[in-house]
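Here is what each chain is made of, one letter per residue.
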Amino acid sequence: MANNNMGKTKRSTDELINTAIAQQNDWMENRRNFARRFLKTLNIFARPNPKKETEESINPVLNDNHKRRTGLAAYWFPILCAIVVVLIAVWVAFFHKSTQTVVVIPPVAEPSIQAVVETPIPTFDIVRIEPEGNIVVAGRWLANNSISIVINGEIVATERTDKNGEFVYSPNRKFNAGNYTISLIGVEGSVKSEENVFVYISEHGYKNSVSLLMTTDGSTLLQAPTMLADGDLVVSKIDYLDTGRIVVTGDSLPRLRVSLSLNDKYLGFARVSDHKHFGLGADVGTLETGKDYKLTVKLHDGDGRTIAEINHEFKMPEMTGDDDTYYTVRKGDCLWIIARNFLRRGVLFSIIAERNDIKNPDLIFPKQLLQIPTDSSK
């Protein structure tokens, strides 16, 4: 019983193995046949079949029908490929919905170039001397900010600008006669004005007073004297040197200009010092003894208009032959200016210092009498 069962089991296993081998061989044979047919089909497009050409040449009549029957079949593969391409194109064009991925890039702000805003400089609009002797100052700076008014180096008041940046300083106190220099300081950042205003209050009242805006390019008249009193323009001395040079000294309103003319021929100008003194030298050549001459000194405001004039007519006297002249030092003088007026060049101040035994050329005193060696300019 046991032996029979084992034999049957062995036979069944052999049959299964043989069947599997047979099926595998059939599958391999089918695969080889399919590959052979596929390569044969491709070979149709690569080169002609000589065997078929021989058969067709032997039996052209018999193979004519066969050619017509197999012509389409010979090109089945490229036709199939063309159909597939057409179908794909139709599907893409009419049925396929593209799902495009939209990438949202957050906006990046462009770098902005910020202009460097400089703090404005405080400026003057008006500086006026009132009939009562007080001073009115008006100007502008940053809106709604504090600005200080500085007179002769000291802060005298701090005002507040309005929404337009404008301010007004108008004290009730009366200012004494004299010179005043006014400037402005913006409190925020301590911004100082580039321009200063020079004010001269005359002893004769506001009509003889002057207000000048001082800039790097010169001065601009803010308030001109409406009337000049005696003493506002004075010629104190006229020196004619044997070198053919004339020197005029005098007094006038500070920081205004005086000009000199001889017989209506313009010779030059000088600016009056803060101490009201001026000196002006010019070459006039040889003046003839006994001949009449007219010397004109004019005072000009900041706009160049003539506001005062002195005419000095004289007959040229005979020269004494003295080589030297004398000059009395006034407040604000220096040897450089004195040498420029008398000796034509300021660098010759050392000659004056040597003649007068001055050890320190920077130290001279008002009312000091100086001997000017005019022969040294020859």
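You'll find the structure just up there.
Residues numbered from 1 in each chain as written. Predicted model: local features only at pLDDT ≥ 70, side-chain atom pairs only at ≥ 80, totals over all residues. Heavy atoms only, no water.

### Some words on the overall build of the chain
For the chain, the helix and strand inventory stands at six helices and 19 strands. Going through the 378 residues of the chain one by one, you find that 32% of them count as buried. If you take every contact in the chain between residues at least 6 apart in sequence, the share linking residues at least 24 apart comes to 54%. Summed over its atoms, the accessible surface of the chain is roughly 25,100 Å², and 54% of this surface lies on carbon and sulfur atoms. (Helix = DSSP H or I, 4+ residues; strand = E, 2+ residues; numbered from the N terminus. Buried < 20%, exposed > 50% of the residue type's maximum accessible area, 1.4 Å probe, protein only. Contact = heavy atoms within 4.5 Å. Areas by Shrake-Rupley, 256 points an atom, 1.4 Å probe, with all protein chains shown as cover.)

### Some points on the pattern of salt bridges
The tally for this structure, following the rule as stated, stands at eleven salt bridges. Among the salt bridges present, the one from Lys294 reaches Asp264, with a minimum N-O distance of 3.5 Å. Taken together, the positions of Lys294 in strand S16 (residues 292-300) and Asp264 in the loop between strand S13 (257-262) and strand S14 (265-271) put the pair 30 residues apart, joining distant regions of the chain. When its relative accessible area of 24% is taken as the criterion, Lys294 is described as partly exposed. Here Lys359 and Asp357 are joined by a salt bridge, their closest N and O atoms 3.3 Å apart. (Salt bridge = Lys/Arg side-chain N within 4 Å of Asp/Glu carboxyl O.)

### Structural notes on the side chain of Gln223
In this fold, Gln223 is placed in strand S10 (residues 218-223). Gln223 sits in the buried class, given a relative accessible area of 12%. A distance of 2.7 Å separates the side chain of Gln223 from the backbone nitrogen of Ile129, its partner in a polar contact. Gln223 has contacts with Val127, Arg128, Ile129, Tyr206, Ser209, Val210 and Ser211, leaving out every residue within four places of it along the chain. (Polar contact = N/O pair within 3.5 Å; in protein donor to acceptor, adjacent residues only side chain to side chain.)

### Examining the packing of aromatic side chains
One pair of aromatic rings is described through two measures. These are the centre distance and the angle between the planes. With the rule as written, the count across this model stands at four aromatic pairs. Here Tyr293 and Phe314 contribute two aromatic rings whose centre-to-centre distance is 5.9 Å and whose plane-to-plane angle is 25°, an arrangement assigned as stacked. With Tyr293 in strand S16 and Phe314 in strand S17 (residues 306-315), this pair connects stretches of sequence that are 21 residues apart. Grouping residues by exposure puts Tyr293 and Phe314 together as buried. (Phe/Tyr/Trp six-rings, centres within 6.5 Å; stacked < 30°, edge-to-face > 60°.)

### A few points about the sheet that holds strand S5 (residues 166-169)
Strand order in the open sheet formed by three strands is S1-S2-S5, and the pairing between neighbours is antiparallel. Single-partner strands in this sheet number two, and they are strand S1 (123-129) and S5. Strand after strand, the sheet turns through a mean of 15° between neighbouring axes, direction not considered. Bridge count between strand S2 (residues 135-140) and S5: four bridges; the pairing is antiparallel. Of the residues in S5, the one forming a bridge with Ala138 is Val168. (Pairing = 2+ DSSP bridges. Axes fitted to C-alpha atoms, helices over the stretch in contact; angles between N-to-C directions.)

### Looking at unusual backbone geometry
Phi at Asn152 is positive, roughly 55°, even though this residue is not glycine. With respect to the helices and strands, the residue Asn152 is situated in the loop between strand S3 (146-151) and strand S4 (154-160). What makes Asn152 partly exposed here is its relative accessible area of 45%. Despite not being glycine, Ser190 has its phi angle at roughly 50°, a positive value. Secondary-structure assignment places Ser190 in the loop between strand S6 (178-186) and strand S7 (191-192). Ser190 gets classed as exposed once you look at its relative accessible area, which sits at 51%.

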